[in-house]
Every structure is written in C-alpha cells, then in structure tokens.
Amino acid sequence: MSVEYWVNAERFYEFWFIIISLLLLLNIIVIIFVVIYAKKGNRKKFILATIGSAVIFGMAGVIGYIHYYPYLEQASYTNPLIRDREPRMLTYTYYGTVEETNYYKLNYLDGLRQMTLYEEEQVIEPIHYLGEGKYFHYFECENRERFKQNRQVEFTKTAQQAQLIGGRFTLKDEDFQEIGFKNPESTMFEAIEIPVDEQGKNYEPEDEAQIPRAEDSIRFWNF
C-alpha cells in the first residue's frame, strides 16, 4: 500500500463519499418532489433523468468503496501511538499532547501486527528468574535491577534461560512519515519465557514495595 493510495483513500472516504451520499439523497428528494408535484406529461422525463444521475453517482460510490476498501481496515488500527493526526474532510486534525501521552505506553503488539505498513523485528533480552511469590514472578535484569510480573509468564521447554520477548516495529515505507506516521520508540512486550526446569522456584522479597512492576522498571518497553 503506497502513500499515494492511502492519501487518495482518505480523501475519498472523508470527502467524496460524503458528497456522493448527499447527491444521492438529493436525487431521492427530487424524485419524491417530481412524483408529487410535476405534471404527468413531464413526470416521466424528470424521473428518468434523476434516476440516471443517481445510478451514475451510485456506481462512482461503489467503485470507489471497493477500490479503497483495504484502507478501511488498516485505518481502523491507527491511533496517537503511531500517527500524529487524523483525516478530516480535505485536511487533518492533529492530536494533542494529552492524547499522545495517554497512548505513549500502550502495548499495541496485536494492532501493529495487523498493519501492513509495519514490519516486525523480534527482540529477545536475557533476564534471571528469581522465583515465584504469592502474586508475582520475580526477575533480575543484567544491570542487577529487579522487577515483578504476573502476566504472560510462560514456562517452556525451548527456552535455555529466562528471557523477555517482544517486537520492535518500523515502517516499511518511510514516506508514510510525511503524512504523520511514526516508528514506535518502544518495544512491544509479548511474553517472558522461562526454562521449564526452573518451574517451582519460590522467592520472597524482603520488601515487596521496593520491587517495581516491569512497566515501571524497564525502559523502552511497553507492557
């Protein structure tokens, strides 16, 4: 999908599709008016002309809708994390700082995987598994910082050591940056894999409150 196709699709759905719909509505109103008020001798001529124009507008709308349909699904995945604006008629409305801040830490792994505009690079970072407590699993990074996590923790036979797994996404075509698309700064977290032979390890921290959650401890990762 090219930038040109994307921009043309935005214009079609945000402007021309609305215009075509209004013209079709106008044609329906004209037909009703003609049926009620026009003289019988002129009625057929007006109705045929109006129906003809309605068919032309309708065909233009259907053809455009089919041609640009792939855009609709892709556009549904856009948000302030990956784009700084949204289309409005023939122009754009830019997201504010609050909106972009709210989305900055969003884990958008599934959405980005659905977008054909982005390619994914798998990221794997080794960590040390300390053990499991009452509510969390506890880990230590290579820089000796500890963190806890209770979601997407998996014991597998394939893992040789505990590891953070995620995806980093970049635009396949950098020209999309010209219309506000961004390469997410952070890696999207997918799971923590732990060797199955470490299952059953227990860990009781001296001060639970001093061990942050993963999202508060690991920079440039969205959990």
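This report concerns the structure included in the present document. Keep in mind it's a predicted model, so treat the numbers as computed, not measured.

1. Concerning the pattern of salt bridges
(1) Moving on: Summed over the entire model, instances satisfying the criterion amount to ten salt bridges.
(2) Moving on: For glutamate 10, the salt bridge goes to arginine 83, with nearest N and O atoms at 2.7 Å. With glutamate 10 in helix α1 (residues 3-37) and arginine 83 in the loop between α3 (69-75) and β1 (85-88), the pair connects residues that are 73 residues apart, well separated along the chain. Taken as a pair, glutamate 10 and arginine 83 share a single burial class, namely buried.
(3) Moving on: Linking glutamate 120 and arginine 113 is a salt bridge whose minimum nitrogen-to-oxygen distance equals 3.0 Å.
(4) Moving on: You can call glutamate 120 partly exposed: its relative accessible area is 36%.
(5) Moving on: Sharing partners across several salt bridges, the network here consists of Arg113, Glu120 and Glu190.

2. Concerning a nonpolar patch on the surface
(1) Moving on: Together, Ile18, Leu22, Leu25, Ile29, Met89 and Leu90 make up an exposed nonpolar region whose accessible area comes to about 570 Å².
(2) Moving on: Secondary-structure assignment places isoleucine 18 in helix α1.

3. Some points on the packing of aromatic side chains
(1) Moving on: Throughout the structure, instances matching the rule amount to 17 aromatic pairs.
(2) Moving on: A connected cluster of aromatic rings, assembled from ring pairs, spans Tyr5, Trp6, Phe12, Tyr13, Tyr65, Tyr68, Tyr69, Tyr71, Phe176 and Phe181.
(3) Moving on: It is lysine 148 that lies over the ring of phenylalanine 136; its NZ or CZ is 4.9 Å from the centre.

4. Description of the sheet that holds strand β6 (residues 146-149)
(1) Moving on: What the three strands build is an open sheet, ordered β4-β5-β6; its pairing is antiparallel. Each edge of the open sheet carries a strand with a single partner, namely β4 (128-132) and β6. Here the strands of the sheet are splayed against their neighbours by 25° on average, with no regard to which way each runs.
(2) Moving on: Judged from the four bridges that link them, strand β5 (residues 137-140) and β6 form a sheet pairing that is antiparallel. By the bridge assignment, phenylalanine 139 is partnered in β6 with phenylalanine 147.

5. Brief notes about the environment of tyrosine 138
(1) Moving on: Looking at the secondary structure, you find tyrosine 138 in strand β5.
(2) Moving on: Each C-alpha atom, one on tyrosine 138 and one on glutamate 73, is 39 Å from the other, the two residues being 65 residues apart in sequence.
(3) Moving on: For tyrosine 138, the residues in contact, after removing those within four places along its chain, are His128, Tyr129, Leu130, Gly131, Gly133, Phe147, Lys148, Tyr203, Pro205, Glu208 and Ile211.
(4) Moving on: Polar contacts involving the side chain of tyrosine 138 include one to the side chain of glutamate 208, which spans 2.4 Å.

6. A few points about the nonpolar core
(1) Moving on: Core analysis: the biggest nonpolar cluster contains 26 residues, and Trp6, Leu117, Tyr118, Phe176 and Phe181 have the highest contact counts within it.
(2) Moving on: Those elements giving two or more residues to this core turn out to be α1, α3, α5 (109-114) and β8 (163-171).
(3) Moving on: Broken down by element, this core gets its largest block of residues, eight residues, from α1.
(4) Moving on: Apart from the residues within four sequence positions on either side, phenylalanine 176 is in contact with Met1, Ser2, Val3, Trp6, Leu117, Leu171 and Phe181.
(5) Moving on: By size, the runner-up hydrophobic cluster in this structure holds 16 residues, among which are Ile127, Phe147, Ala162 and Phe189.

7. Here we look at the pairing of β4
(1) Moving on: Where β4 lies against β5, four bridges are found, and the strand directions are antiparallel. Each bridged residue has a counterpart across the sheet, and for glycine 131 the counterpart in β5 is tyrosine 138.
(2) Moving on: Where β4 folds back on β5, the antiparallel hairpin that results is connected by four residues.

8. Things to note about unusual backbone geometry
(1) Moving on: Phi at methionine 89 is positive, roughly 55°, even though this residue is not glycine.
(2) Moving on: Looking at where methionine 89 falls in the secondary structure, it is placed in the loop between β1 and β2 (91-94).
(3) Moving on: Non-glycine residue phenylalanine 220 carries a positive phi angle of around 65°.
(4) Moving on: The topology assignment puts phenylalanine 220 in the loop between α6 (214-217) and β10 (221-222).
(5) Moving on: A relative accessible area of 45% means that phenylalanine 220 is categorised as partly exposed.

Scoring rules and cut-offs
- Residues numbered from 1 in each chain as written.
- Predicted model: local features only at pLDDT ≥ 70, side-chain atom pairs only at ≥ 80, totals over all residues.
- Heavy atoms only, no water.
- Salt bridge = Lys/Arg side-chain N within 4 Å of Asp/Glu carboxyl O.
- Helix = DSSP H or I, 4+ residues; strand = E, 2+ residues; numbered from the N terminus.
- Buried < 20%, exposed > 50% of the residue type's maximum accessible area, 1.4 Å probe, protein only.
- Patch = residues over 30% accessible without salt bridge, like charges linked within 9 Å, V, L, I, M, F, W, Y side chains within 5 Å.
- Areas by Shrake-Rupley, 256 points an atom, 1.4 Å probe, with all protein chains shown as cover.
- Phe/Tyr/Trp six-rings, centres within 6.5 Å; stacked < 30°, edge-to-face > 60°.
- Lys NZ or Arg CZ within 6 Å of the ring centre and 35° of its normal.
- Pairing = 2+ DSSP bridges.
- Axes fitted to C-alpha atoms, helices over the stretch in contact; angles between N-to-C directions.
- Contact = heavy atoms within 4.5 Å.
- Polar contact = N/O pair within 3.5 Å; in protein donor to acceptor, adjacent residues only side chain to side chain.
- Core = buried A, V, L, I, M, F, W, Y, C linked by side-chain atoms within 4.5 Å.

Honestly, it's all geometry; don't read function into it.
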